[in-house]
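Below are the chains, spelled out letter by letter.
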Amino acid sequence: MVVLSSGVLGCSTMRMAVPEELQQQQVMEWPVGRNVPLFGQGTLSFGPYGARKYGRGWSSTTSLSIGPATVYEGSEPYEFQLHAEDAAPRPVACQSLLKGHDVDLSFMLDGLSAGAAERRLVCDIGAEGKLALAELPAYADPYSTKVVGRLRMGGVNLDVESTHRTQQGARILFAGFEIRHEQRTVAAVQTINGGHVWMAGDLAPEVRAGVAMVASSVLLHGHWNGGADSRP
């Protein structure tokens, strides 16, 4: 176990700002390891947690054009087995859902267009529960866009919210996620620069498994990381 305390968070590489409430606790932290081949199944790990037998399905996109406007929807499935300490592997099936529109305004100015898009993530854990996350766009200030949602897994409920704060003070669209259990910040997941996970050291095994579920899902999702949202 690595004990995290304020004053030891400095790093030359840009990292997510760890929530202050989490810094005041004894925290385990791990870098994220990945093995995602071009073909076949991949793995993701952080400490004794992670995802195995990871694979993506076929993406689909539909669109409808009406005059200068185009409305589109997309779906990108992926699945994995969640591994958390001594618990049995849990099969997880996720869908990354995109919905948006574009309007061609070139009649006003050559090359001008406008549009908006929102992404959702839904991950089913069989009969145990579900993770549901959705973007809350801030059209006046895109860098204030947030992703919020909740995990329900067994008897555990976790609230999840994205953050744009970094340790270096830079303002980026998505630096990672903060996770709360019973109104207490218990974990953080960095999605930039390879990924990193922090978790309070006194959590019950079922809560740790829930944190691992959220972390694995958002890290494999791959669209909520960095200064610009990655869209197909």
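Residues numbered from 1 in each chain as written. Predicted model: local features only at pLDDT ≥ 70, side-chain atom pairs only at ≥ 80, totals over all residues. Heavy atoms only, no water.

Colleague: Outline helix H2 (residues 205-221), supporting the account with residue identities and numerical values.
Modeller: In this model H2 runs 24 Å from its N-terminal to its C-terminal C-alpha over 17 residues, within 8% of the 24 Å that 1.5 Å per residue would give. Where burial is concerned, most of H2 is hidden: 15 out of the 17 residues are buried. Phi for glycine 222, located one or two positions after H2, is positive at around 80 degrees. (Helix = DSSP H or I, 4+ residues; strand = E, 2+ residues; numbered from the N terminus. Expected span 1.5 Å × (residues − 1). Buried < 20%, exposed > 50% of the residue type's maximum accessible area, 1.4 Å probe, protein only.)

Colleague: Could you give me a rundown of the pattern of salt bridges, with the residues and numbers involved?
Modeller: In this structure the tally under the stated criterion is 10 salt bridges. Here arginine 165 makes a salt bridge to glutamate 178, at a shortest N to O gap of 3.0 Å. Taken as a pair, arginine 165 in strand S11 (residues 156-165) and glutamate 178 in strand S12 (residues 171-181) lie far apart in primary sequence, 13 residues in all. Note on arginine 165: relative accessible area 37%, which makes it partly exposed. Owing to a relative accessible area of 9%, glutamate 178 belongs among the buried residues under this scheme. The network of salt bridges with shared partners includes Arg165, Glu178 and Arg180. (Salt bridge = Lys/Arg side-chain N within 4 Å of Asp/Glu carboxyl O.)

Colleague: I'd love a proper account of the nonpolar core, names of residues and values included.
Modeller: Membership of the largest hydrophobic core comes to 56 residues, with the highest contact counts inside it found for Phe46, Phe80 and Met213. Per element, the largest residue contribution to this core is 10 residues, and it comes from H2. Setting aside chain neighbours within four positions, we find phenylalanine 46 in contact with Trp30, Pro31, Val32, Val197, Ala212, Ala215 and Ser216. (Core = buried A, V, L, I, M, F, W, Y, C linked by side-chain atoms within 4.5 Å. Contact = heavy atoms within 4.5 Å.)

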